[in-house]
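Fold and contact review
One letter stands for each residue in the lines below.
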Amino acid sequence: MKTSLGAILAIGLAGLQLVAVLIVVFTSYISSELTLIHHARNLLSDVGNNTMEHSKGFLQPAHGAAVLAAKLAQNKVVASEDQGLLEQLFFQQLQLSPQFSGIFYGDRAGRFVYVMRSDSPGPYRTKYITNGAEGRNTRLVWRDEAFRIVSERRDPEDTYDPRTRPWYTKALAERSTIWTDPYIFFSSQRPGITLAAPVFDAGGDIAGVMGVDIEIIDISRFLSRLSIGSTGKALIIHRNGDVIAHPDHSFISTPDANGALRFVKIWELADPIARSAFSGLFDRGALDTPRELSSQFTYDGSSYVSVVKPVISNDLPWTIAVYAPEDDFTAIIRGNRYRNLWIAVAVTAVTAFIGLLMANFIYRPVRAFAVRSALVSQGELDPSAPLPKTYKELERANAALMQQIAARKQTESEYGQTFERASRAIAQIEPADGRFIRANPKFCELTGYARDDLLQMRIADLASQVSPDPFAALKDERRQDVQLDEELQWETKDGRNIWVKFNAFVVRDEDGRSLYAVATVDDITEAKEKEKQIEKLNRDLSDLSKGHAMGRMATGLAHELNQPLAAIAQNADAALVAATRGDLQDDDLRIILTEIEQQALRAGDIIRALRSFVTEDNASRTSFDLAELAEQAERLVLAEAKEAAVKVGVVVADGLLVEANRTQVAQVIVNLLRNAIEALAQTEFTERRVTLSAVHTGDMVLVSVADTGPGIAPGLNLFTEFETTKPEGMGLGLSICRSIVEANDGSLWFDGGRGPGACFRFTLPADTRLTDRRGSEVA
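As the structure is a computational prediction, the values presented were derived from the model and not from experiment.

This next bit is on the side chain of Thr525. Here Thr525 lies in helix 10 (residues 525–579). Thr525 has contacts with Asn497, Ile498 and Trp499, leaving out every residue within four places of it along the chain.

Let us look at the pattern of salt bridges. Within the structure shown, the criterion is met by 24 salt bridges. Residue Asp433 pairs with Arg435 through a salt bridge whose shortest N-O separation is 3.5 Å. Since its relative accessible area comes to 31%, Asp433 is described here as partly exposed. Shared partners join several salt bridges into a network, and the residues in it are Lys127, Arg136 and Asp158.

Let us now look at the packing of helix 14 (residues 662–681) against helix 15 (residues 733–743). Where helix 14 contacts helix 15, the two axes come as close as 10 Å, and the packing angle between them is 150 degrees. As judged from the angle between their axes, helix 14 and helix 15 are roughly antiparallel. Crossing angle aside, the handedness with which helix 14 passes helix 15 is left-handed. Along its contact with helix 14, which presents Gln664, Gln667, Val668, Asn671, Leu672 and Asn675, the element helix 15 presents Gly733, Leu734, Cys737, Ile740 and Val741. Considering only residue class, the contact of helix 14 with helix 15 consists of six nonpolar, five polar and no charged.

Within the open sheet, the five strands sit side by side as 20-19-23-22-21. Their pairing is antiparallel. Each of the sheet's edge strands pairs with one partner strand only, and the pair in question is strand 20 (436–439) and strand 21 (483–491). Strand after strand, the sheet turns through a mean of 30 degrees between neighbouring axes, direction not considered. Two strands pair when backbone bridges link them, and strand 22 (residues 497–508) and strand 23 (residues 514–523) are joined in this way by nine bridges, in the antiparallel orientation. Within the sheet, the bridge partner assigned to Val500 lies in strand 23 and is Asp523.

One can find Leu702 in strand 28 (residues 700–707). Given the relative accessible area of 18%, Leu702 is considered buried. Residues Leu702 and Thr763, 61 residues apart in the sequence, show an inter-C-alpha distance of 4.7 Å. Setting aside residues up to four positions removed in sequence, Leu702 forms contacts with Ser693, Ala694, Val695, Thr697, Trp749, Arg761, Phe762 and Thr763.

Turning next to the sheet that holds strand 10 (residues 233–238). Ordered in space as 11-10-18-17-16, the five strands form an open sheet in which the pairing is antiparallel. The sheet terminates laterally at strand 11 (243–245) and strand 16 (293–299), the two strands that pair on one side only. Looking at each pair of strands side by side, their axes are set apart by 30 degrees on average, direction ignored. With five bridges joining them, strand 17 (residues 302–308) and strand 18 (residues 318–325) adopt antiparallel strand pairing.

Turning our eyes to something else, we now look at helix 14. Each turn of an α-helix holds 3.6 residues, which means side chains three or four residues apart point in the same direction. Taking 1.5 Å per residue as the helical rise, helix 14 with its 20 residues ought to reach 28 Å, and the 28 Å between its terminal C-alpha atoms agrees with that figure. Within helix 14, burial applies to Thr663, Gln664, Val665, Ala666, Val668, Ile669, Val670, Leu672, Leu673, Ala676, Ile677 and Leu680.

Reading the values: the criteria
Residues numbered from 1 in each chain as written. Predicted model: local features only at pLDDT ≥ 70, side-chain atom pairs only at ≥ 80, totals over all residues. Heavy atoms only, no water. Helix = DSSP H or I, 4+ residues; strand = E, 2+ residues; numbered from the N terminus. Contact = heavy atoms within 4.5 Å. Salt bridge = Lys/Arg side-chain N within 4 Å of Asp/Glu carboxyl O. Buried < 20%, exposed > 50% of the residue type's maximum accessible area, 1.4 Å probe, protein only. Axes fitted to C-alpha atoms, helices over the stretch in contact; angles between N-to-C directions. Parallel < 35°, antiparallel > 145°, perpendicular 65-115°, else oblique. Left-handed = near helix turned anticlockwise from the far one by under 90°. Nonpolar A, V, L, I, M, F, W, Y, C, P; charged D, E, K, R; others polar. Pairing = 2+ DSSP bridges. Expected span 1.5 Å × (residues − 1).

Bear in mind that shape data such as this cannot, by itself, settle questions of function.
Now the structure itself:
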């Protein structure tokens, strides 16, 4: 399809404007987005700093209180041996510092005093542990806000020893003020941390350790009050991966294997966004953040910004981690971007309309000239008619165009006469889809279709079911010199199938684009029929020659073998007579000679039967036991079966009598058994078995030879002469077997519906006497 000049001008102008506006909009968006993301990271960093400072400020009073109490005890301002004075000091500290959960002191003798907040029966509880001459004594005292005793009792079951606690052993080892790792307090079941300071005696030895328990649940409450975008959050992670503070403090504790509460690890946190953002910061189980880290990540299709602060200090190895959605910072500019896009589209539409008006004004003379050229080309306007008002360049082009039109009309006239009067069938065809463009009278006569009918058809519509579309090769535009020269079978309008010689080539323009294809067609149906007759005659002569040669060979072979076989039988008979006389009787020798005589006579019978069959002489039929014949056939193929590792099984009832030529039936059974053994020998199957069976059905006996081999290849005509799958085979075995069975009033066929392997069956006339069934198997 050709595009008009006016449309090109309008679209080009509008497109340039749209591209320019889009470039400005997108560059502004990208720069603004980068700036806001940088601002978001700074904001998250400030949140981390504020959280860090709040945590330090929250814990700093505990450090001062513990150190002060230790110095008071150390300087004898408050006697550390006087548990009553220590209790009063601790009581006052708890009232002054609401973040303190409890204050305690334990000495090297195992004595302990601990003042902590309580729910009932009083707001404060004191625990005394003494070790005196009377032994260990544990006393619990509850007091009110005025330090009055509300309740008290003794606890003889208590085994608490301050000297075994981590805060005591660590302060004793470091001889300085220490912080423990955060843990879940046993009494309150809330997260907390302990600060411990050693108390030295006059000799510089540690007399005991003063400590402060601080509940850090208020840090989580502080984090929940922070406003970080719409859904952003800040959390505190210990170096070992414990989440010790989170806006939702219910996330940070979980039962361990023993039922006690512990902190949740960051990779276990119920906050999936925080888990996705910060789990990867752990290396070998420890958090390593030597410097501030900022990153962007995606969770559930949304983009987030995150910042991780370095650890607060060696005493408090906590990391502040903050995340927030990018949309909280970039949603405004994204909405602004969409508005700018709509503005750009509106501006483009207006300018395109104006450009279209301008293009139409510029293109009007060109359009008038194009209309005149088309009318002249169709013969509806005289080329000498005056030109419309147009541009000078178009006037010069008009003169050259008129000359080309005249030359083209003359060429078309000459080609049209040649096309219509040609003695061969010719057609012009569309290369893209094979549709007819033009057809001469000879082509219409060949196909039986009128010219108007052909113009509604494709070349593939003429092809019969056995012929493919010949025009597929001409559709490839990459092949410039492609030509067709094929013999195809077509179907005419009246339903006749004809053979044609199809020649076609593509006519192209100067740029190599295909214009149309020219096809010439010749009827070669009569020549094809003559070729078929000649081929059939050659096959018949070849089959006749093979059959004649086989007959002469079989006759000669039977004649030549009869005499040596007769001599073998006579000599064996004479040797048998000699072996049974006098003292020279030998049972083994007699058995061997008897076997030689029987087999020589049997071989003679086979040779005579073969000669009779080849000479089309009907051999005599007798009634014989099929079970006995099956055993003999089994023995004949036994050596071949053992060599091929094939098991041959015979399932034939004793006394199953048939009326047929015994020798010919033996030939059929042996041939079918050998075919099955040879098929199994060429496979790698683990189970190689051939089964010969026979049953009485009505007035016939059904004999089956089945194997577990690969079966019969599809498309193979088994009973056609000279057709075989064996490299050395002649293709006569099954054909001769069928002829033998049919000569004995039976039929032979291949049963392909029994499953894997192959099964051949044939029938023979049955005698009326039947006995029991017998089976045997040999390997």
